[in-house]
Structure formats: structure tokens, C-alpha cells
Amino acid sequence: MHNHRTTITQHIIEEQRRIQNATGDFTSLLNDIVTACKVISNLVNHGALIGVLGSAATENIQGETQKKLDVISNDVFIKSNEWAGHLAAMASEEMDDVYLIPPQYPRGKYLLLFDPLDGSSNIDVNVSVGTIFSILRCPDGVENPTKEDFLQSGTKQICAGYALYGPSSMIVLTTGRGVNGFTLDQNIGEFVLTHPNLTIAEDSIEFAINASNMRFWEPPIKRYIDECLAGKEGARGKDFNMRWIASMVAEVHRILTRGGVFMYPVDSKIKQQGGKLRLLYEANPMSFIIEQAGGVSTTGHERILDIQPNALHQRVPVILGSKNEVERIARYHQETSA
Ligand code: AHM
Ligand code: MG
């Protein structure tokens, strides 16, 4: 007997059936995003064989040197998603301004935000990278969305997800009804539901932070990490483990799989810019996924999803993962402020 497996398309269509008056627009949009992720997965897989590794000799708005694959992936996302009529505009970590759907295509009611290739410093060394995306509704009556229309708090997201290009390629997705993971079956070219209802353990003994920034950390972060490092003999009375992949997608995926905490806090070196990770393309979609899986996501002082964005490329501190650990770190922030 053939074993039926749920593809991501079937999953999305079944989700859509639960929504009254759904037009199918959202389903088609997600399908186009899935196609873009398949194309990027294929490019990442082939790497040096097709000459896509290395730098592109350009900088993005944040002054970071772009990798060839940053630019190519951005293009793949635009080309896959601009034609179908579901979107009014897009915004990306790799583009200075909002991208309006060109006049030859119909405009739709959604806004798409994405980081086409997150963790791209890892690409040349063949370590996991990913794509992060978030969907917002275009405000009513707006035909030519501007930056301001994208400045919606994370609670307004109607869908968030990421693709992880690792030993296997996966898509992890939430539409506000839990979190599901799909693995790309290369033989049939489909993402198949392999990780239904992902949830995050409330407790954990694993943390992820770039410890080379230790001398710049603020006191609450220093305190938390010091206590972890003190292990059994210290205040926590247990030994901790550490990981740092420098690929947020892979980091979040590990936390969804076996719990843990991920931190890119603000420190004195990056205080001016507000943090390292981008609110709209990284922090918000990941926070939506983390919360939907039972985890917590905060800047240390406030829930990330509640932040009212003030700029397209705004950066924020990010602390997310297992509930009890993240709440402890938030408490350390309160105690320091008091
Ligand atoms: P990117 O979008 O330019 O790739 O930057 C985001 C990445 C995250 O995936 C990762 O957590 C972080 O930057 C790593 O930063 P660092 O190199 O400072 O450790
Ligand atoms: Mg990124």
C-alpha cells in the first residue's frame, strides 16, 4: 500500500478551507514563496559547481558586503512573487527601498517581507543558511504602498516562515495556528509534512550567543551567561551547553527541535544602531514562529511582536527560545533597570 504523505500545498489548501470567504489568494502566494525557496535550495546545493559562491562586490543599505547568492536569491524571490497578482509590494533586507509590483502585473492585497539568504557569511564555508519571510496585509485603500505601510507590529503578521538549507532543505511555517515543518523530497520536488505541531521545551540547558562580543555586553546578559558558565558549582546548579552557528535560521530550527535560547542582544558596540538583527525581516517572523511553538521572544525589555516599527531596516536586540530561560533573562533586565 502506498503511504499518503501531506505536501505543503495540500496543507496550505486545507488551512485555507477553515477560513470563511478565503479567495485562494493567500494559498497561491504561499505556493509562489515555496517555489522561490526550492529554486534557492537548488542554487545553494550546487554552490561552486555553478559559480554562485563568493562576494558580489556590492553593499546593501546596511553597508554589508553582499554575497553573490544574496543578490541572486533576492532576485529569485522577486521574480517568483511579482507576477501572480497577490502582492502590492515587497521589502527585503537586500533592497534599500520598497519594491512596488511593476505596472504590467495586477496588484494584490498582501505585502511580502523577506531576508532572501540569512546567515550568508556561512555560504562560502558550506554551513547552513536560510530564507526568512513574513506576510502582512496591505492597508485598505492603499494602491501604492510606501515604507510606512510596512511599519506594522509583528502581531499583524498573517504568516511567517523560514526555509533552512541544511543537510536537508526544510520549510517551517506558521499562519497563527501552530508551527509545522516540511522537508524537501528531492525526488518528487515537493516539501512534505514531516514535523507537525512543533513545540519548544519550556526548560533548556543550551544557549547560543556570539561570545566574542562579551566585553561589550550589558550587565543582564553578562549575568545570565556567567551563571550558565559557572555550571553545577554556580547559582544555576547545573551544567550548560553552548552553540553558535551564526545562521539565525539554523539556530531557531535547533531551538524548535530540542529547546534552547538564542541571543543577539544589544551591546555597547552596536548600541547606536539598536541591535544586529532586523525587526521586519528577522526578529518579527522568527518571534511569531517561536511564540506559536510555545516559546518566548523579547528584546530583554519588551515583547518583540509588540514593537511599533519606525523604519524599514530597523534593528532590535533579540532573545528568544525556551520560555523559562527567556523569562529569566527578561527578569534580569528588569532587576538591572530597577
Ligand atoms: P545576515 O542577514 O547579514 O546574514 O545577518 C544575520 C546573521 C544571523 O543569521 C546570525 O545570527 C548573525 O547574523 C550572526 O552574526 P555574527 O557574525 O555577528 O555572529
Ligand atoms: Mg539576515
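Draft legend 1. Structural view of the environment of T174. By the secondary structure assignment, T174 is in strand β8 (residues 169–174). We classify T174 as buried; its relative accessible area is 1%. Distance from T174 to P285, taken between C-alpha atoms, is 9.2 Å for residues 111 residues apart in sequence. Excluding its chain neighbours within four sequence positions, the residues that come into contact with T174 are I158, C159, A160, V179, F288, I289 and Q292. Within the structure, T174 has its side chain in polar contact with the backbone nitrogen of G176 (distance 3.0 Å).

Draft legend 2. Structural detail: the coordination of the magnesium ion (ligand 2). Bound to the magnesium ion (ligand 2) are the protein donor atoms D115 (OD), D118 (OD) and E282 (OE), situated 1.8 to 2.1 Å from the metal. In the primary sequence, the donor residues of the magnesium ion (ligand 2) line up as D-x2-D-x163-E. Of this pair, D118 sits in strand β5 (residues 110–118) while E282 is found in helix α7 (residues 279–292), placing the two residues 164 residues apart along the sequence. Owing to a relative accessible area of 6%, D118 belongs among the buried residues under this scheme.

Draft legend 3. Geometry of the pattern of salt bridges. Following the criterion strictly, the structure yields 19 salt bridges and no others. E93 is paired through a salt bridge with R278; the nearest N and O atoms lie 3.2 Å apart. Placement of the pair is E93 in the loop between β3 (87–92) and β4 (99–100) and R278 in strand β14 (residues 277–278), with a sequence separation of 185 residues. Between E206 and R258 there is a salt bridge whose closest N-O contact spans 2.9 Å. One end of the pair, E206, is in strand β11 (residues 206–208); the other, R258, is in helix α6 (residues 248–258), with 52 residues separating them in the sequence. On the basis of relative accessibility, which here comes to 49%, the residue R258 falls in the partly exposed class.

Draft legend 4. Seen up close, the sheet that holds strand β6 (residues 129–137). Pairing is mixed in the open sheet, where 8 strands are placed in the order β4-β3-β5-β6-β7-β8-β9-β10. In the strand order of this sheet, the two ends are held by β4 and β10 (190–195), each with one partner. Strand direction decides the pairing type here: β8 and strand β9 (residues 179–185), joined by 5 bridges, are antiparallel. Each bridged residue has a counterpart across the sheet, and for M170 the counterpart in β9 is T183. In the packing of helix α1 (residues 8–17) onto the sheet, the strands contacted are β8, β9 and β10, and the crossing angle to β9 comes to about 150°.

Cut-offs used in this document
Residues numbered from 1 in each chain as written. Chains lettered and ligands numbered in written order. Predicted model: local features only at pLDDT ≥ 70, side-chain atom pairs only at ≥ 80, totals over all residues. Heavy atoms only, no water. Helix = DSSP H or I, 4+ residues; strand = E, 2+ residues; numbered from the N terminus. Buried < 20%, exposed > 50% of the residue type's maximum accessible area, 1.4 Å probe, protein only. Contact = heavy atoms within 4.5 Å. Polar contact = N/O pair within 3.5 Å; in protein donor to acceptor, adjacent residues only side chain to side chain. Donors = N, O, S within 2.8 Å, 3.2 Å for Na, K, Ca; no water. Salt bridge = Lys/Arg side-chain N within 4 Å of Asp/Glu carboxyl O. Pairing = 2+ DSSP bridges. Axes fitted to C-alpha atoms, helices over the stretch in contact; angles between N-to-C directions.

So, to be careful, I would describe these as geometric facts and stop short of saying anything about function.
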